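# Structure at a glance
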Amino acid sequence: MTDRLAFLWPEIALFIATCVVMVLGLSPARAVRKLCNLVAIVGLAAAGVLAATTTPLPGVTDPSTGGQTYLPGMVPFVKVMIAGVGLMLALVVAGSVDRAEEKLIASGRSRFDALRSNRAEFYAFFLFSLTGLMLCASADDLIWLFLALELTSLPTYIMVVMSGAAGGTKGKSQEAGVKYFFLGALGAAVFLYGFALIYGGTGSTNFNAIHQHFTTQGINGIALAGLVLAVLGLAFKIAAVPMHFYTADVYEGASAQVSAFLAFVPKTAGFVGLLLLAGMVGWAYGPGSSPAGALGTGVVKPVAGGSALPETLRLTLWVVAALTMTVGNVLAIYQTSVKRMLAYSSIAHSGYMLVGVIVGPGNDPASFAKNGVSAVLFYLLAYGVMNLGAFAVVASLERDRKDSAEPGEVETVDGLKGLCKTHPALGWTMVICSLGLLGFPPLLGFWGKFPLFTSAISAGEITLVIVLGLNSAISAYYYLRLVWACFVEAPTEDSRQARGTEFPSRAFAGLLSAGGVVALSFVASMLMDQSRQAGLYSKPKAQAEAAPQNAPETPGTQVSRAE
């Protein structure tokens, strides 16, 4: 087990930072308590450096280190991405808890009480969730993946409730937390039951062993049922139909900064889990291997030359992707709340990325434009940067509330009217990030969507490409609505009441995000190359040895260990 430590130095750095913030947050000295955010930033920076410099390629750099070996390059890429976006999230979440309590203590009207302070717990949960996300990338076992997914999710249930007071939505946050918890428990039960069936159908929980079993013996009915259930359970993490119902209520009930956290962290965990499961099955099944026709014999046999998932699993993901894109975009049109609009936008983006999961490494995994796995990894990075900026703008604006002494958030699109004139930095941040989320060229979002289209076309998923294109057009309505409100419309009496928050790091995170949407588009080719290497797919040795010497290599699985 000690050989696995080579993969875990970033997680160890985050765990040390978590322990430190748990102590600092309980200090009677306010100056010491305020160090929690700085320690979280330092811990994430250290984790990012360690991920880039110490993470081995599983089974490639050193075969003795173990780890899943079919998507070896994904591990360091995902961890560096988590650390980078996590740094910006740490800037956004400043002031999410204890705001009123700290003011009372500073004015001398109250004394510090460790039992009433939530700063230590909030930052500990923040770092624990990011640690769980990194552990998802390191997973090579069903049990490991389940525990990592739950470590990612459980802290977020509490963060939603804790953040309500700071955002002026305490009642809504409590309701949102309850909904999120119970639906999260349902999702966990579904994919855990799926994992149990996979184990029952293969006799192992190790990804490499299951991958080898599927390659040599095919997929039996029990394992196939487990895979479908696991996918449906993970649909909760990525807010995909039909497990999406909680999303808008939870995003609206949580403070904007915690909603930004929810939009990236659980979604990334879900897609990492989906890629690990899909890679474990292998994109090496032709259309002639329809599970419906093969279940009578007990197995679904792999077909040489294929480049798709088993038909039942592919159809499940296909339907979920099409419905998720459509439901997310259509319902976003009817929203007047900015956070609910971004929530349905988040659902739609999950549908976009599911296209890449369906395509897999494609017919030419060495080509970024044809590799769906690489497209998903690149899009996760692009979406994390773009979406954070939009939520950072909402988190940076406040207004007085009649029913509470605590300031509230600017909740509606009307509250953003004329923002480029009243708060130019925030206004332009919203404009740039909205256009990026739309996929407006040449911004980062365009380079994120482009490979999803090209990889799906190369895989022959023309109908899905049409659905993707139509939904991208539908999304233009509400994204341009945000742009129009901020840039074109004149400020109203209602929007003039909005003022900047006392936490400048939130606005700074938004500016970093907007800058990233523009600047990263200039280095998109470099990022694409990195994600291409991260998405290279390796078939097991048994499959390679079983292939006839003169037969052409199976498209989508010809990547060697050396690559």
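Residues numbered from 1 in each chain as written. Predicted model: local features only at pLDDT ≥ 70, side-chain atom pairs only at ≥ 80, totals over all residues. Heavy atoms only, no water.

## Considering the overall build of the protein
Basically, it comes down to this: Helix and strand assignments follow DSSP, with helices taken as H or I runs no shorter than four residues and strands as E runs no shorter than two, numbered in order from the N terminus. Only protein chains enter the accessibility calculation, which uses a 1.4 Å probe; a residue is then buried when its area is under 20% of its type maximum, exposed when over 50%, and partly exposed in between. Residue exposure ignores everything except the shown protein chains as possible cover, and the areas themselves are Shrake-Rupley values with a 1.4 Å probe.
Across its full length, the protein carries 24 helices and five strands. A total of 563 residues make up the protein; the buried ones form 62% of that total. Surface exposure of the protein reaches about 20,100 Å², of which carbon and sulfur atoms provide 67%.

## Quick look at helix α12 (residues 256–281)
Which entries qualify depends on this criterion: The span one expects for a helix is its residue count, reduced by one, times 1.5 Å.
Between its first and last C-alpha atoms α12 spans 38 Å; for 26 residues at 1.5 Å apiece the expected length is 38 Å, and the two agree. Of all 26 residues in α12, 26 are buried, a share of seventy percent or more. Immediately downstream of α12, the backbone of G282 shows phi near 95°, a positive value.

## Considerations on the packing of helix α1 (residues 9–24) against helix α3 (residues 35–54)
For the record, the criterion: The axes used here are C-alpha line fits, helices contributing only the stretch in contact, and every angle between their N-to-C directions lies in the interval 0 to 180 degrees. Every angle not falling under 35 degrees, over 145, or within 65 to 115 is termed oblique; those three ranges are roughly parallel, roughly antiparallel and roughly perpendicular. In what follows, a contact means two residues having at least one pair of non-hydrogen atoms within 4.5 Å. Each residue is assigned to one of three groups, with Ala, Val, Leu, Ile, Met, Phe, Trp, Tyr, Cys and Pro labelled nonpolar, Asp, Glu, Lys and Arg labelled charged, and all others, Gly among them, labelled polar.
Interaxial distance between α1 and α3 falls to 8 Å at its minimum, and their mutual angle equals 170°. Compared by their axis directions, α1 and α3 come out roughly antiparallel. For the pair formed by α1 and α3, the contact residues are W9, P10, A13, L14, A17, V20, V21 and L24 on the first element and L35, C36, V39, A40, G43, L44, A46, A47, L50, A51 and T54 on the second. Here the contact of α1 with α3 is built from residues that sort into 17 nonpolar, two polar and no charged.

## Points about a nonpolar patch on the surface
For clarity, the cut-off: Each patch is built from salt-bridge-free residues with over 30% relative accessible area, joining like charges within 9 Å and nonpolar side chains (Val, Leu, Ile, Met, Phe, Trp, Tyr) within 5 Å. Each reported salt bridge corresponds to a side-chain nitrogen of Lys or Arg within 4 Å of a carboxyl oxygen of Asp or Glu.
Side chains of W428, W484, F487 and V488 sit close together on the surface and give an oily, nonpolar patch of about 420 Å² of accessible area. Broken down by element, the residue count for the nonpolar patch peaks at three residues, all from helix α20 (residues 462–488). Its location among the elements puts V488 in helix α20.

## Concerning unusual backbone geometry
Of note, the amide linkage connecting V241 to P242 takes the cis form, showing an omega dihedral of 10°. Going from P441 to P442, the amide bond is cis rather than trans, its omega being 5°. Inspection of the secondary structure assignment puts P442 in the loop between α18 (424–438) and α19 (444–458).

## What to know about α19
For α19, spanning 15 residues, the distance from its first C-alpha to its last is 22 Å, which sits close to the expected 21 Å at 1.5 Å a residue. Within α19, the full set of buried residues consists of L444, G445, G448, K449, P451, L452, T454, S455 and A456. Check the buried side of α19 and you find it contacts α15 (338–359), α16 (372–395), α18, α20 and α22 (504–522). Remark: G460 follows α19 within two positions and exhibits a positive phi of approximately 85°.

## A few points about the environment of R399
The following threshold applies: Any pair of N or O atoms that falls within 3.5 Å is considered a polar contact. Within protein, one atom must be able to donate a hydrogen and the other to accept it, and sequence-neighbouring residues count only if both atoms are side-chain atoms.
Tracing the backbone through its elements, the reader meets R399 in strand β3 (residues 397–401). Judged by its relative accessible area of 16%, R399 is buried. Considered as a pair, R399 and G500 are 101 residues apart in the sequence and their alpha carbons are 8.7 Å apart. Every residue in contact with R399, bar those within four places of it in the chain, is listed here: P407, G408, E409, V410, D494, Q497 and R499. Looking at R399, its side chain comes within polar contact range of the side chain of Q497, at 3.0 Å.

## Some points on the packing of aromatic side chains
Two descriptors summarise a pair of aromatic rings, namely the distance from one centre to the other and the angle between the planes of the rings. Quick reminder of the rule: Only Phe, Tyr and Trp rings take part, Trp by its six-membered ring, and two of them pair if their centres are within 6.5 Å. Stacked means planes under 30 degrees apart, edge-to-face means over 60, and tilted covers everything else.
Going through the model one piece at a time under the given rule, you end up with 18 aromatic pairs. Between F122 and Y123 the ring centres are 5.7 Å apart and the planes differ by 90°, which places this aromatic pair in the edge-to-face class. Given a relative accessible area of 0%, F122 falls into the buried group. You can call Y123 buried: its relative accessible area is 4%.

## Some words on the packing of α15 against α20
Keep this limit in mind: By definition, any crossing whose near helix is turned counterclockwise from its far helix by less than a right angle is left-handed, and any crossing with a clockwise turn is right-handed.
Axis separation between α15 and α20 bottoms out at 11 Å; the angle between their running directions is 155°. In this view, α15 runs roughly antiparallel relative to α20, as classed from their interaxial angle. Crossing angle aside, the handedness with which α15 passes α20 is left-handed. For the pair α15 and α20, the contacting residues are M341, S345, A348, H349, Y352, V355 and I358 in the first and L464, L468, N471, S472, S475, Y478, Y479, R481 and L482 in the second.

## Details of the pattern of salt bridges
Within the structure shown, the criterion is met by 15 salt bridges. Two residues, D414 and K417, come together in a salt bridge whose shortest N-O distance is 3.5 Å. For K417, a relative accessible area of 18% puts it in the buried group. Among the ionic pairs, R532 bridges to D529, the shortest N-O distance being 3.3 Å. Of this pair, R532 and D529 both sit in helix α23 (residues 524–534), separated by three residues, roughly a single helical turn.

## Here's the deal with the environment of L331
Within the secondary structure, L331 sits in helix α14 (residues 311–333). A relative accessible area of 32% places L331 in the partly exposed class. The sequence separation of L331 and A343 amounts to twelve residues, and the corresponding C-alpha distance is 9.9 Å.

## As for the environment of S495
Inspection of the secondary structure puts S495 in helix α21 (residues 493–496). Sequence separation between S495 and T412 is 83 residues, and the spatial gap between their C-alpha atoms is 9.5 Å. In contact with S495, other than residues within four places in its own chain, are D414, G415 and K417.

## Quick look at the side chain of N220
Within the secondary structure layout, N220 lies in strand β1 (residues 219–220). For N220, a relative accessible area of 18% puts it in the buried group. A polar contact is formed between the side chain of N220 and the backbone oxygen of G201, at a distance of 2.7 Å. Side-chain polar atoms of N220 contact the backbone nitrogen of A223, separated by 2.9 Å.

## Quick word on the confidence of the model for the protein
Counted only if it meets this: Each residue carries a pLDDT score, the predictor's confidence in it, ranging from 0 to 100.
Averaged over all residues, the pLDDT of the protein equals 85, while 87% of them reach at least 70. Overall, residues 285–307 carries pLDDT values under 50, and its contacts beyond four positions in sequence, including any with other chains, amount to 51 contacts. Below a pLDDT of 50 lies the segment residues 542–563, which in the model reaches 40 contacts outside its immediate sequence neighbourhood of four places, other chains included.

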